[in-house]
Amino acid sequence: MDDNRIKEILVVCDRSTEINRHMMEIIYKAKTIAMESGHLVSVLYTGNKNKDIVKGFSQCGADILISGTSPNKIGMWQFSDLVTRWIKKRKPQLVLFQSTEFGKDIAAIISARFEAGLTADCMDIFYDITNGFRFMRAAICDSVIAQIHCINCTMNIGTVKEGVFEICKLDRTWKMEMIPFSVEEDNTYERETCLHMSKEEQIKKEINMKEYSTVFCIGRGASSPECVEGIFALAKKYNACVVGTRPVIEEGIIEKERQVGQSGKSISPKLYIGFGVFGASQHLVGIRNAKKIIAINHDPKAPIFDYADYSMVADVKDILDKL
Amino acid sequence: MEKKIERIVLCIKPVKTDLLFQNSNADGEAFSMNPYELKALENLIKLKRNGEERFCLTCICMGDKKAKSILRRALSMGADEGILISDSIFAGSDTVATTYILQKAVEKLGNVKMIVCGVKTIDGETGQVPLGLCERLGFPFLVNGNEILKVKDTSVIYKYRNEKETKIMESKLPAVMKYRDFKMDLPIISLAAIKKGKKKEILLFDSKNMEIDPKRCGIKGSKTKVIEIKNKYNKKEKRKLEGNIQEMVEIIINLLGEGEEKKEGDFG
């Protein structure tokens, strides 16, 4: 290709109708890199575009907004073809996707299609002239950080999880170019059909663990009814979220939604207190981002003590009685 | 010769046993099946045992010779074919190179109507292989499943579950399925089954018999390179307390107090 082509970073937004925080975080990060590298930031977006939304994109640093409509009708392959079209036209050097199920799927398809290096769930991205782009990502159950560099290819792809980067609105308004495109409805793409659907029976109030800064975890060592009752009472007092390890969930002591670990959710509270949690690696994976960990267990050899800030070798019942 | 039975290919990623079972080295082998693929394997074997389904269950595994034990186990459990994809030039392949190699393997096998891959591996956790493979093979369907219920001639019926709903879905074939359920326990295999499994041959696919372009695999064909790996967790300054319950309780109350000042939310 010609050498004086425009250097571009493309941010691909999911097929959502509105601009969201996650998109803004990535666009702002792209802009931060672009300011050093001299790239342009273009954003591919298929949602609504009223004045506020358009302003939102320019405020976080988009130079070009490639915008289309009818987001809900686009299937995975169609969306991939759309992205392909833009990549072929603009030849961006870096393409960033949202690390959602949809964004990751599209990124993986594009990676294979263009034989381009893809780093999933980046935690950071750097640029320098000699080395180009560098990506950081956690691997092996979040226990190590790998620095990844793309080789043998001109395009780099990354996906970014929500909340990894911060948003900063730029104080001056950028001149943003709008490029519209049309998405034709194409029925040649077949999809799977749903034969039967059943809603999960109890639609309870969803437990959003991320909203809580304090989390109490019930482990097998605290699964007696008195302990569970005591922990819930204490949680109410301190506005903490109660979660559990797999054995406790499997025994039906608390709901599945509250499971934390490899087969449950990952959490990053300011304070985590493990009541009778032994610390199987599958559970520890889910709490590794907790800022402070207090572990209470009667077994001094419990593996959770290796990860705890405060290791308390005691009977959960004795502690609960005094709290 | 009777009509060729179509294949379902299960891609099994060997993962380090230590990652799965930290405390016990129960089976003494360095590698185990990625837990998503283990669950899928059991699911498919069960379907075969029920008898109605007619498909050849082919397990493919990419790795060095050590990965052979995984295929041996899969065969003992009831898989029909085991293919080891192994060559020194494959070492260091990233997802772009891996999907190319797997594509060549599937094409060499031929007669494949469905490919099942775990939604992700527990070591790399990229989840990119099923998508890339689907793209490369040009399979029209890519589906997410928690359980395969029925394999028909031209379609598959499966269960998809998320936090809000469970759906029974039908997709036409050929398709690639991302299998979303997993199993952490080791399967128990009877001695008789192990003997039976030993009689089945494990085929070796290498760069020559798959007609692989050496420039497209291994480190040469990879598009990403890990430059450096750092341990994320610096050792914390730990405090270990024993015996004095009152002191423990005070520490907990103090720490809880810090959190409370910052946030006043509604009670959940």
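See the structure printed just above.
Residues numbered from 1 in each chain as written. Chains lettered and ligands numbered in written order. Predicted model: local features only at pLDDT ≥ 70, side-chain atom pairs only at ≥ 80, totals over all residues. Heavy atoms only, no water.

1. What to know about the overall build of chain A
The cut-off we apply is this: We count a stretch as a helix when DSSP gives it H or I for four or more residues in a row; a strand needs E for two or more, and each element gets its number in order from the N terminus. With a 1.4 Å probe rolled over the protein chains alone, any residue whose accessible area is under 20% of its type maximum counts as buried; one over 50% counts as exposed, and the rest are partly exposed. Note on definitions: a residue-residue contact is assigned when non-hydrogen atoms from the two residues lie within 4.5 Å. To be clear on the numbers: accessible area is Shrake-Rupley with a 1.4 Å probe, and residue cover counts the displayed protein chains and nothing else.
Along the backbone of chain A there are 8 helices and 15 strands. Out of the 323 residues belonging to chain A, those deemed buried represent 56%. Summarising the internal contacts of chain A: among those between residues at least 6 apart in sequence, 64% fall at separations of at least 24. Looking at chain A as shown, the accessible area adds up to about 14700 Å², and 49% of this sits on carbon and sulfur atoms.

2. Describing unusual backbone geometry
The linkage connecting L173 of chain B with the following residue, P174 of chain B, adopts the cis geometry, with an omega of 5°. On the secondary structure map, P174 of chain B appears in the loop between β10 (165-172) and β11 (175-179). In the Ramachandran plot, N152 of chain A falls in the positive-phi region, its phi being about 55° despite a non-glycine side chain. Mapped onto the elements of the fold, N152 of chain A is located in the loop between β7 (144-150) and β8 (156-160). With a phi close to 60°, N111 of chain B is a non-glycine residue in the positive phi region. Looking at where N111 of chain B falls in the secondary structure, it is placed in the loop between α4 (95-109) and β6 (112-118). On the basis of relative accessibility, which here comes to 31%, the residue N111 of chain B falls in the partly exposed class.

3. Observations concerning the environment of D94 of chain B
All names here are of chain B. Using the following cut-off: Polar contacts, as counted here, are pairs of nitrogen or oxygen atoms within 3.5 Å of one another; within protein the pair requires one atom able to donate a hydrogen and one able to accept it, and residues that are adjacent in sequence qualify only if both atoms are side-chain atoms.
With respect to the helices and strands, D94 occurs in the loop between β5 (81-85) and α4. Residue classification places D94 among the buried residues on the basis of a relative accessible area of 10%. When sequence neighbours within four positions are dropped, the list of residues in contact with D94 reads S222, K223 and T224. Looking at D94, its side chain comes within polar contact range of the side chain of T224, at 2.9 Å.

4. Side note on the nonpolar core
Note the threshold: Nine residue types can take part in a nonpolar core, namely buried Ala, Val, Leu, Ile, Met, Phe, Trp, Tyr and Cys, and a core is a set of them joined through side-chain atoms within 4.5 Å.
If you look at the biggest cluster of nonpolar residues, it comprises 53 residues, and the most contacted ones within it are V83, F97 and I157 of chain A together with I85 and I115 of chain B. Each residue touching I115 of chain B, except ones within four places of it in the same chain, is listed here: V9, C11, V106, L133, L137, F139, A175, V176 and M177 of chain B. Among the nonpolar cores identified, the runner-up in size contains 38 residues, and A67, L75, M77 and A79 of chain B belong to it.

Structural measurements only, silent on function.
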